[in-house]
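The residues making up each chain are set out below.
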Amino acid sequence: RSPAVYGPRWVNESTAVGRSAVTRGGRAQTRGEIHAPRMASPPPRPPDPWYVLRGHQHSVTAASFYDPPGHPAGVFLLSGDGAGTVRLWDLRSKRTVSERTEDHAAKGILATVPLPSGAIAVHGREGTLSVLQLANGLDLKQVAALVNPADRPGGLCFCPATWVPADGQELLALPTSDPSKIGLYDLRERKRTGVLEFPASASPVGMCMSMHVQAGSPESSGLLVAGYEDGSLAGWDLRSRSVLWRSKLFDEPAVAVAAALTKKGSCRVVGAGATDKLHVGKLPSTVPLDDGGVAQLRDLKSLQLKHAGINSVSVRGDARLFATGGWDNRVRLFTWPKASPLAILEYHRAAINVVVWSRAFFEVDGGSLLAAGSKDTRISLWSVYQANDTT
């Protein structure tokens, strides 16, 4: 039985057969005796958090595990909040080792993006972008403020930036001044090098709400999956910078997307949003279509949720599990890619804004840690369903 299922199962053993029937407990039972029903052992409860980080004074809006050069993996966590504060946590001591407030992000941090060089890109809700480096040990220092004001969206951003693998470049994808378009920014050259936009003949999708990059998927040289305000999901080929497929899955904005390979090597996509549905689908087998149209996701599986509203989706690195963070203050775990419910993790008292898996966990060889940042200003850390678990 799933750890997410609660409630006892009652077994009625009051019926005797014959005057001297032997019960399951081994005692002779005479006819006419009345026995109270016996309650079966309840299933195990989901675990408590491995630890809870407290320090932010505002809603935690961004989180990412950070492996700086020269340090062991799975030890540091970056987080950002609704007032523009960025914190670097050492998970061994469970303390903040560095903190700074980004003045350009006074309305909140959307993303903290670790880069292969060891730098950190910080994306603000106003559409601004800065780059931080570690100095004098583990002190966070700003080394660049990027994105020309002309490239900023006219209002607030809702879509966090994401890293784009590219040879010889450090690329980030984030919305442009036209929020339906996705700009590709080279952080080394400090300029925009390309844009992902639908053909003029395509129906409007509204602003981009979420993005995820799956590098090296079999169906493309690199896949960027985006969720849009009209409830559509779209896949972009990062080499040709053209749209591969587009599927309208929701009546509300698609605010959370992720993609990952399966054990068989195919790529699956998961999307969620303001509704009570979760969708998982396969990439189209042929893109683009021969008639020039846009392909659709296939073999869609829809999962009905008890409570509407998902803010974040994250697939674990071994592609066995994925997690969601919801408006109902809960983290939910599912198998990947079948989306079978596994567990509900309860701790927070307000909505979960972000969930993210680590690529390593210093306490468990080959393990992973799940972080969940909440509107209640706390970050819960969970060690669950480790890859080497046999139970």
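Structure shown above.
The text that follows walks through the structure, step by step, so that each part is easy to find.

Calculation notes
- Residues numbered from 1 in each chain as written.
- Predicted model: local features only at pLDDT ≥ 70, side-chain atom pairs only at ≥ 80, totals over all residues.
- Heavy atoms only, no water.
- Helix = DSSP H or I, 4+ residues; strand = E, 2+ residues; numbered from the N terminus.
- Buried < 20%, exposed > 50% of the residue type's maximum accessible area, 1.4 Å probe, protein only.
- Contact = heavy atoms within 4.5 Å.
- Areas by Shrake-Rupley, 256 points an atom, 1.4 Å probe, with all protein chains shown as cover.
- Pairing = 2+ DSSP bridges.
- Axes fitted to C-alpha atoms, helices over the stretch in contact; angles between N-to-C directions.
- Salt bridge = Lys/Arg side-chain N within 4 Å of Asp/Glu carboxyl O.
- Core = buried A, V, L, I, M, F, W, Y, C linked by side-chain atoms within 4.5 Å.

## What to know about the overall build of the protein chain
(1) Moving on: Helix and strand counts for the protein chain come out as zero helices and 32 strands.
(2) Moving on: Taken over 391 residues, the protein chain has a buried fraction of 51%.
(3) Moving on: A separation threshold of at least 6 residues defines the contact pool for the protein chain, and within that pool the share at least 24 residues apart is 48%.
(4) Moving on: About 18200 Å² of surface is accessible on the protein chain, with carbon and sulfur atoms providing 49% of the total.

## Considerations on the sheet that holds strand β7 (residues 76-81)
(1) Moving on: The antiparallel open sheet is built from four strands, whose spatial order is β6-β7-β8-β9. Single-partner strands in this sheet number two, and they are β6 (60-66) and β9 (95-101). Taken pair by pair, the neighbouring strands of this sheet meet at an average axis angle of 20°, ignoring direction.
(2) Moving on: Looking at chain direction, strand β8 (residues 85-90) and β9 are connected through six bridges and run antiparallel. Each bridged residue has a counterpart across the sheet, and for Leu88 the counterpart in β9 is Ser98.

## Topic: the environment of Ala351
(1) Moving on: Turning to its location among the elements, Ala351 is positioned in the loop between β29 (341-346) and β30 (352-357).
(2) Moving on: Judged by its relative accessible area of 16%, Ala351 falls in the buried class.

## Some words on the sheet that holds β29
By way of backbone hydrogen bonds, the strands of a sheet pair with one another, either parallel or antiparallel.
(1) Moving on: Strand order in the open sheet made by the four strands is β26-β27-β28-β29, with antiparallel pairing throughout. At either margin of the open sheet sits one strand with a lone partner, and together these are β26 (310-315) and β29. Going across the sheet, the axis of each strand differs from the next one's by a mean of 20°, ignoring polarity.
(2) Moving on: Sheet analysis places strand β27 (residues 321-326) next to strand β28 (residues 330-335), joined by five bridges and oriented antiparallel. Residue pairing for β28: Phe322 is matched across the bridge by Phe334.

## A word on unusual backbone geometry
Residues other than glycine predominantly adopt negative phi, and peptide bonds predominantly adopt the trans conformation.
(1) Moving on: Note the cis peptide between Trp336 and Pro337, where omega equals 5°.
(2) Moving on: Looking at the element boundaries, Pro337 is found in the loop between β28 and β29.
(3) Moving on: If you check the backbone angles, Lys94 has positive phi at about 60° while not being a glycine.
(4) Moving on: One can find Lys94 in the loop between β8 and β9.
(5) Moving on: In the Ramachandran plot, Arg190 falls in the positive-phi region, its phi being about 55° despite a non-glycine side chain.
(6) Moving on: Tracing the sequence through the fold places Arg190 in the loop between β16 (182-186) and β17 (191-196).
(7) Moving on: In this structure Arg190 comes out as exposed when scored by relative accessible area, which is 54%.

## Brief notes about the pattern of salt bridges
(1) Moving on: Counted by the stated rule, this structure contains 13 salt bridges.
(2) Moving on: Across the salt bridge formed by Asp328 and Arg330, the nearest N and O atoms sit 3.8 Å from each other.
(3) Moving on: Accessibility expressed as a relative area gives 13% for Asp328, which makes it buried.
(4) Moving on: Among the salt bridges present, the one from Asp328 reaches Arg332, with a minimum N-O distance of 2.7 Å.
(5) Moving on: Arg332 gets classed as buried once you look at its relative accessible area, which sits at 13%.
(6) Moving on: Each of the salt bridges in this network shares a partner with another, and the network as a whole consists of Asp328, Arg330, Arg332 and Glu346.

## Observations concerning the environment of Gly235
(1) Moving on: Structurally, Gly235 can be placed in strand β20 (residues 232-237).
(2) Moving on: When the C-alpha positions of Gly235 and Gln296 are compared, they lie 9.6 Å apart, and in sequence the two are 61 residues distant.
(3) Moving on: Excluding residues within four positions of it along the chain, Gly235 makes contact with Leu223, Leu224, Ser242, Val243, Leu244 and Trp245.

## Digging into the pairing of strand β31 (residues 370-374)
(1) Moving on: Among the five residues that make up β31, five are buried, leaving the element largely enclosed by the rest of the structure.
(2) Moving on: Alternating residues of β31 divide into Leu370, Ala372 and Ser374 and Ala371 and Gly373, and every residue in both groups is buried.
(3) Moving on: In this structure, β31 lies alongside strand β32 (residues 378-382), joined through four bridges in antiparallel fashion. Across the sheet, Leu370 pairs through a bridge with Trp382, a residue of β32.
(4) Moving on: Linkage of β31 to β32, two consecutive antiparallel strands, is achieved through a turn of three residues, within which Thr377 is found at a positive phi near 80°.

## Some details on the nonpolar core
(1) Moving on: One finds Ile182, Met211, Leu224, Ala226, Tyr228 and Trp236 to be the most contacted residues of the largest nonpolar core, which totals 19 residues.
(2) Moving on: Among the secondary structure elements, those contributing two or more residues to this core are β15 (171-175), β16, β18 (208-215), β19 (222-228) and β20.
(3) Moving on: When near neighbours in sequence (up to four residues on either side) are disregarded, Met211 contacts Cys159, Pro160, Ala161, Thr162, Ala173, Leu174, Pro175, Ile182, Leu224, Val225, Ala226 and Val257.
(4) Moving on: Ranked by size, the runner-up nonpolar core spans 17 residues in total, among them Val270, Leu278, Val280 and Val313.

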